[in-house]
Amino acid sequence: MCLMSDFENTYVSNIKNSTLEISRTIVEEGELIMKKIYYHLLIALICCATQQIQADQKIETTDWLIIGAGVGGIAGIGVLHDLGIPYDDIIWVDSEFNVGRIGEFYTTVPANNTTQKFIDFINACATFRECEADSLKELQAQDPNVFPELGIIVPALKDITAHIRAHARSYKGWLKDLHFENDFWCAQVGDIAIKARHVILATGSHPRELNYENLNVIPLDYALDKATLATYVNQDSTIGII
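Let's shift gears to the overall build of the protein chain. Broken down by element type, the protein chain carries nine helices and six strands. Taking all 242 residues of the protein chain together, 28% fall into the buried category. Of the contacts made within the protein chain by residues no fewer than 6 positions apart, 70% connect residues no fewer than 24 positions apart. Approximately 16600 Å² of the protein chain is accessible, and the part contributed by carbon and sulfur atoms is 56%.

Moving on to the pairing of strand β1 (residues 58-67). Pairing geometry for β1 and strand β6 (residues 192-201), over nine bridges, is parallel. Looking at the pairing, Thr-61 lines up with Lys-195 of β6. Of the strand pairs in this sheet, β1 and strand β2 (residues 90-94) are connected by four bridges, and their pairing is parallel. The residue of β2 that forms the bridge with Trp-64 is Ile-90. The β-α-β motif built from β1, the intervening helix α2 (residues 71-82) and the parallel element β2 has right-handed crossover chirality.

Bringing the layout of surface pockets into the picture now. In this structure, the largest pocket occupies an estimated 910 Å³ of space. Forming the walls of the largest pocket are 25 residues, and the residues nearest its centre are Val-217, Ile-218, Pro-219, Gly-240 and Ile-242. Here the element with the most residues in the lining of the largest pocket is helix α8 (residues 220-223); it accounts for four residues. Counted by class, the lining of the largest pocket contains 16 nonpolar, five polar and four charged residues. Listed by contribution, the elements that provide at least two residues to the lining of the second largest pocket are α2, β2 and α3 (100-104). It is α3 that contributes the most residues to the lining of the second largest pocket, four residues altogether.

Here helix α4 (residues 115-123) has its buried residues at Thr-115, Phe-118, Ile-119 and Ile-122. Seen from one end, α4 has its buried residues packed into an arc of 100°, which puts them on one side. The inward-facing, buried residues of α4 abut α5 (126-129), α6 (134-140) and α7 (154-165).

Bringing the packing of aromatic side chains into the picture now. One pass over the full model with this rule turns up six aromatic pairs. Residues Phe-121 and Phe-128 carry aromatic rings whose centres are separated by 5.7 Å and whose planes lie at 55° to one another, so their mutual orientation is tilted. Here Phe-121 falls in the partly exposed class, since its relative accessible area comes to 27%. Phe-128 sits in the buried class, given a relative accessible area of 2%. By way of ring pairs, the aromatic residues Phe-105, Tyr-106, Tyr-222 and Tyr-232 are connected into one cluster. Directly above the ring of Phe-184 sits Lys-195, whose terminal nitrogen or CZ lies 4.9 Å from the centroid.

The next thing to look at is unusual backbone geometry. Note: most residues except glycine have negative phi, and most peptide bonds are trans. Positive phi, normally seen in glycine, also occurs at Phe-97, with a value near 55°. Counting through the fold element by element, Phe-97 comes out in the loop between β2 and α3. In this structure Phe-97 comes out as buried when scored by relative accessible area, which is 9%. Notably, Asp-183 is not glycine yet its phi reads approximately 70°, a positive angle. On the secondary structure map, Asp-183 appears in the loop between β4 (175-181) and β5 (184-189). Residue Asp-183 is classed as exposed on the basis of its relative accessible area of 54%.

On to the pairing of β4, then. Two strands pair when backbone bridges link them, and β4 and β5 are joined in this way by six bridges, in the antiparallel orientation. Its bridge partner lying in β5, Leu-178 is registered against Ala-187. Here β4 folds back onto β5, and the loop between the two strands holds two residues, one of which, Asn-182, carries a positive phi near 55°.

What counts, and where the lines are drawn
Residues numbered from 1 in each chain as written. Predicted model: local features only at pLDDT ≥ 70, side-chain atom pairs only at ≥ 80, totals over all residues. Heavy atoms only, no water. Helix = DSSP H or I, 4+ residues; strand = E, 2+ residues; numbered from the N terminus. Buried < 20%, exposed > 50% of the residue type's maximum accessible area, 1.4 Å probe, protein only. Contact = heavy atoms within 4.5 Å. Areas by Shrake-Rupley, 256 points an atom, 1.4 Å probe, with all protein chains shown as cover. Pairing = 2+ DSSP bridges. Right-handed = clockwise from strand over helix to strand, strands pointing away. 1 Å grid on protein atoms, 1.4 Å probe; cavity = no way out; pocket = protein on both sides within 12 Å on 5 of 7 lines; lining within 4 Å. Points joined across faces, edges and corners; volume = space filled by probe spheres on them. Nonpolar A, V, L, I, M, F, W, Y, C, P; charged D, E, K, R; others polar. Arc of directions from axis to C-beta. Phe/Tyr/Trp six-rings, centres within 6.5 Å; stacked < 30°, edge-to-face > 60°. Lys NZ or Arg CZ within 6 Å of the ring centre and 35° of its normal.

Here's what the structure looks like:
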């Protein structure tokens with residue numbers, strides 16, 4: 001039997017350890033290389049998917065983008081068209097096209113102007129006068145000296161909205177994104193991407209809400225309507241106004 005010396009045993013052991021270390025290094029480097037390959041493949045797949053989404057996405061380009069279809073948005077598009085901006089150069093966006101919060105919540109709120117002021121508002125805009133709906137004629141026939149509820153002008157504004165939408169490009173949906181890039185305002189409305197030279201933000205304002213434990217908070221939109229407010233309070237209620 002041939003016995004190896006201590007030196008030989010140590011030498012063989014070192015070779016084995018070195019071989020194992022080299023093998024582990026090769027495996028680790030191989031795993032790292034595979035991870036890098038998987039990473040780049042994933043990035044490529046994401047890029048391809050993004051490009052496909054962009055290819056399928058409808059992109060609109062315009063000079064003017066108007067966001068909001070309350071009184072401010074309606075007035076904005078009316079003034080633009082009066083100034084000679086063609087409907088083809090305008091895109092109008094709103095989630096409902098229902099005359100904003102006035103049309104939804106404030107129709108019974110007393111106005112601080114006479115009916116004549118509402119009539120003057122309509123008559124001052126040539127674009128509005130193009131609309132031949134009966135609601136405009138009914139507004140003109142109202143007593144000009146009374147202080148009406150805000151709802152007196154809502155039917156006319158709804159018909160004006162429909163008239164303008166029949167001529168200008170309009171999209172119903174929520175604005176998801178708006179940023180400025182390469183001399184264009186870039187907006188995302190639903191599945192539609194819009195690029196515009198100019199933007200009018202006519203989104204109005206929303207009442208702030210406060211949350212208190214064990215207290216029934218009445219939203220301002222409901223508090224301004226007598227019938228709705230009556231469902232929240234009675235003669236024995238204690239009401240705090242902030």
